[in-house]
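Architecture and fold: a report
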Amino acid sequence: MELVRKNIRPRDIMTEDAILNALTVDMALGCSTNSMLHLPAIAHEIGMDFEIDFANAISEKTPNLCHLAPAGHTYIEDLNEAGGVYAVMNELNKKGLLHTDCMTVTGKTVGENIAGCENKNPEVIRPIDNPYTQTGGLAVLKGNLAPDGSVVKRSAVCDEMLVHEGPARIFESDEEATEAIKTGKINPGDVIVIRYEGPKGGPGMREMLNPTSAIAGYGLGSTVALITDGRFSGASRGASIGHVSPEAAVGGPIALVEEGDIIKINIPELKLELDVSDEELAARKAKWQPREPKVKTGYLARYASMVTSGNRGAILEVPKAK
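Residues numbered from 1 in each chain as written. Predicted model: local features only at pLDDT ≥ 70, side-chain atom pairs only at ≥ 80, totals over all residues. Heavy atoms only, no water.

1. Re the pairing of strand β6 (residues 240–245)
Inclusion rule: Note on exposure labels: buried denotes an accessible area under 20% of the residue type's maximum, exposed denotes more than 50%, and partly exposed covers the range between, all computed with a 1.4 Å probe on protein chains only. In this text, helices come from DSSP runs of H or I with a minimum length of four residues, and strands from runs of E with a minimum of two, each type numbered from the N-terminal end. At least two DSSP bridges between two strands are required for those strands to pair.
Buried residues dominate β6, accounting for 6 of its 6 residues. The pairing of strand β2 (residues 146–153) with β6 spans 3 bridges and is classified as antiparallel. The residue bridging valine 151 from the neighbouring strand is glycine 242, located in β6. For strand β5 (residues 225–228) and β6, the ladder comprises 2 bridges, and the chain directions are parallel. Counted as the bridge partner of leucine 226 is serine 240 from β6.

Below is the structure:
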């Protein structure tokens, strides 16, 4: 009713500045990789041009103030008792990192909402001048393996895996990769590649929660990386790199990786590279054929025919006439 009384419309609330605020707060909280699906999709709806590597610029100036489970030792209940998200926002505002004049669904501006919200526990919400890291929790990596980008929760990656290279282990589904991990077929140093799990290939871009949990559970989190055109849940940790775009189902480079190829990951330098020459990749691309769709009828088939890769928020577009 407050919105109606003040004649506040949806377009007054969902603005470019509001999207930037959301991304900034996510960086400070330690991040969910899923924000790099939701925010580009919302940006598309308001006509904002949102390239996902734009997140790197936000990350560079946004300190990571929280270290929540499973990557850290505190929980959402602790965050709530320490003052909640508004307390985090108030810390960010001490360095002018938020657009405080943005209108919100409360009928008040961001600045009005967070006024007086104190940080009650500096061990749960670090003060702005004593963050866990000076950069935010997400990183967008690019390179010849992900020309349109990929997403990693940098705040959940151990130091040993920030820079890593190893042989590709290829799997065409979540289930195949999980079985290989559980049966001891993955070795320290390997880079697990799970493909055809993107928005179109899945179809639906389901969470790769089982393999990421198995990597941690079998003690491989500091030696094994995972790369996928699928996505992760908020429980992801380790060198788990998702949203690889273009996805395999449309012939992206992830579809061209072969067993044993060396993959190079450099999170500080924001790079994800396949150590294969351009000529060899072109030759593989020429031989590549689209896979038969997993679903051929019903709404999932319609979805798969219209959905874009993860870098664009898996939005739906009407296919262009050939």
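Additional details are given in the paragraphs that follow.
2. Some remarks on the environment of arginine 9
Structurally, arginine 9 is set in the loop between α1 (2–5) and α2 (10–13). On the basis of relative accessibility, which here comes to 37%, the residue arginine 9 falls in the partly exposed class. Sequence separation between arginine 9 and aspartate 275 is 266 residues; the distance between their C-alpha atoms is 51 Å.

3. Here's the deal with the pattern of salt bridges
What counts is decided by this rule: A pair is scored as a salt bridge if a Lys or Arg side-chain nitrogen falls within 4 Å of a carboxyl oxygen belonging to Asp or Glu.
Tallied over the full model, the rule gives 16 salt bridges. Residue arginine 195 pairs with glutamate 172 through a salt bridge whose shortest N-O separation is 3.2 Å. Residue arginine 195 is found in the loop between β4 (191–194) and α10 (209–217), and its partner glutamate 172 is found in the loop between β3 (163–171) and α9 (174–182); the two are separated by 23 residues along the sequence. The class of glutamate 172 is partly exposed, set by a relative accessible area of 22%. A salt bridge links arginine 284 to aspartate 261; the nearest nitrogen and oxygen atoms lie 2.7 Å apart. Of this pair, arginine 284 sits in helix α11 (residues 278–287) while aspartate 261 sits in the loop between β6 and β7 (262–266), placing them 23 residues apart in sequence. With relative accessibility at 12%, the residue arginine 284 sits in the buried group. Given a relative accessible area of 11%, aspartate 261 falls into the buried group. Through salt bridges with shared partners, one network takes in Glu258, Asp261, Glu280 and Arg284.

4. Quick word on the side chain of asparagine 21
What counts, and what does not: Only heavy atoms matter for contacts: two residues are in contact if any of them lie within 4.5 Å across the pair.
Mapped onto the fold, asparagine 21 is located in helix α3 (residues 16–29). The class for asparagine 21 is buried, based on a relative accessible area of 6%. Every residue in contact with asparagine 21, bar those within four places of it in the chain, is listed here: Leu98, His99, Cys102 and Val110.

5. Comments concerning the layout of surface pockets
Here is the rule: Grid spacing is 1 Å over the protein atoms alone, the probe is 1.4 Å, and a cavity is where that probe fits but cannot get out, while a pocket is an open set with protein on both sides within 12 Å along at least five of seven lines and lining residues have an atom within 4 Å of a point. Grid points are joined across faces, edges and corners, and a volume is the space filled by probe spheres set on the points. The nonpolar class holds Ala, Val, Leu, Ile, Met, Phe, Trp, Tyr, Cys and Pro. Asp, Glu, Lys and Arg form the charged class, and all remaining residues, Gly among them, are polar.
Taken as a whole, the largest pocket spans an internal volume of roughly 300 Å³. In terms of lining residues, the largest pocket is bounded by 13 residues, among which Lys200, Ala249, Arg291, Pro293 and Ala304 are the most central. Residue composition of the lining of the largest pocket, by class: 7 nonpolar, 2 polar and 4 charged. Empty space within the second largest pocket amounts to approximately 260 Å³. As for the second largest pocket, its lining consists of 18 residues, and the residues nearest its centre are Ile13, Met14, Ala18, Met103 and Thr104. Grouping the constituent residues of the lining of the second largest pocket by class yields 14 nonpolar, 4 polar and no charged.

6. What about the pairing of β4?
We apply this condition: Here a crossover is taken to be right-handed if, once the strands point away from the viewer, the path from the first strand over the helix to the second is traced clockwise.
Of the two faces of β4, the one holding Val191 and Val193 and the one holding Ile192 and Ile194 are both buried throughout. In the sheet, β4 pairs with β5 via 4 bridges, with the strands oriented parallel. Each residue of the ladder has a partner; that of isoleucine 192, found in β5, is leucine 226. Note on the crossover from β4 through α10 to β5: the handedness is right-handed.

7. Some words on the nonpolar core
If you look at soluble globular proteins, the nonpolar side chains tend to sit buried side by side. For the record, the criterion: Definition used in this section: a nonpolar core is a set of buried Ala, Val, Leu, Ile, Met, Phe, Trp, Tyr and Cys residues joined via side-chain atoms within 4.5 Å.
The biggest cluster of nonpolar side chains holds 31 residues, and the ones touching the most others in it are Leu141, Leu145, Ile227, Ile263, Ile265, Ile267 and Leu272. When contributions to this core are tallied by element, the ones reaching two or more residues are β1 (138–143), β2, β3, β4, β5, β6, β7 and β8 (271–274). Membership of the second largest hydrophobic core comes to 20 residues, among which are Leu79, Leu97, Ile114 and Ile125.

8. Description of unusual backbone geometry
Residue proline 203 is reached from glycine 202 by a cis peptide bond, and omega for that bond is -20°. Within the element layout of this structure, proline 203 appears in the loop between β4 and α10. Here the bond from serine 245 into proline 246 is cis, since omega is -5°, no more than 30 degrees from zero. Its place among the elements puts proline 246 in the loop between β6 and β7. You will see that methionine 205, though not glycine, has its phi angle at about 55°, which is positive. For methionine 205, the location among the structural elements is in the loop between β4 and α10. Phi angles above zero are rare outside glycine, and leucine 270 is one such case at about 60°. Position of leucine 270 relative to the elements: it lies in the loop between β7 and β8. On the basis of relative accessible area, leucine 270 is assigned to the partly exposed category, the value being 25%.

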